[in-house]
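Chains, contacts and geometry: an overview
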Amino acid sequence: MFTSATISTTPGGTGIGTRFVKNVADIHGGRVGVESELGQGARFWLDLPMERP
């Protein structure tokens, strides 16, 4: 789902924000994901554990 490359389709954007969020989730034993539908937008989610793994 997420790659190590930072990609943005927004003019002036770097795409580094989603990479940063993914790294934080991984470090804390969490998960991050996205659900999208063409022409409808996207929904991002972040799931972090209450306690350290």
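Our subject in this report is the structure included herewith. (Residues numbered from 1 in each chain as written. Predicted model: local features only at pLDDT ≥ 70, side-chain atom pairs only at ≥ 80, totals over all residues. Heavy atoms only, no water.)

Another point: the pattern of salt bridges. If you walk through the whole model with that rule in mind, you get 3 salt bridges. Residues aspartate 26 and lysine 22 are paired through a salt bridge, measuring 2.7 Å at the closest nitrogen-oxygen approach. Placement of both aspartate 26 and lysine 22 in helix 1 (residues 16–27) is noted, with a separation of 4 residues, approximately one turn of the helix. Close ionic contact of arginine 31 with aspartate 47 constitutes a salt bridge, the shortest N to O distance being 3.4 Å. Linking arginine 31 in strand 1 (residues 31–37) with aspartate 47 in strand 2 (residues 41–47), this pair joins segments that are 16 residues apart in sequence. For arginine 31, a relative accessible area of 51% translates into the label exposed. The class of aspartate 47 is partly exposed, set by a relative accessible area of 36%. (Salt bridge = Lys/Arg side-chain N within 4 Å of Asp/Glu carboxyl O. Helix = DSSP H or I, 4+ residues; strand = E, 2+ residues; numbered from the N terminus. Buried < 20%, exposed > 50% of the residue type's maximum accessible area, 1.4 Å probe, protein only.)

Right, let's get into a nonpolar patch on the surface. Together, Phe20, Val21, Val24, Leu46 and Leu48 make up an exposed nonpolar region whose accessible area comes to about 430 Å². Here the element with the most residues in the nonpolar patch is helix 1; it accounts for 3 residues. As for its placement among the helices and strands, valine 24 is situated in helix 1. Classification of valine 24 by relative accessible area gives partly exposed; the value is 30%. (Patch = residues over 30% accessible without salt bridge, like charges linked within 9 Å, V, L, I, M, F, W, Y side chains within 5 Å. Areas by Shrake-Rupley, 256 points an atom, 1.4 Å probe, with all protein chains shown as cover.)

Attention now moves to the pairing of strand 2. As paired strands, strand 1 and strand 2 are joined by 7 bridges and run antiparallel to one another. Note that in strand 2 the partner of glutamate 37 across the bridge is glycine 41. Hairpin connection, strand 1 to strand 2: the antiparallel pair is bridged by 3 residues, and glycine 39 has positive phi, about 80°. (Pairing = 2+ DSSP bridges.)

Read these as geometric descriptors, not functional statements.
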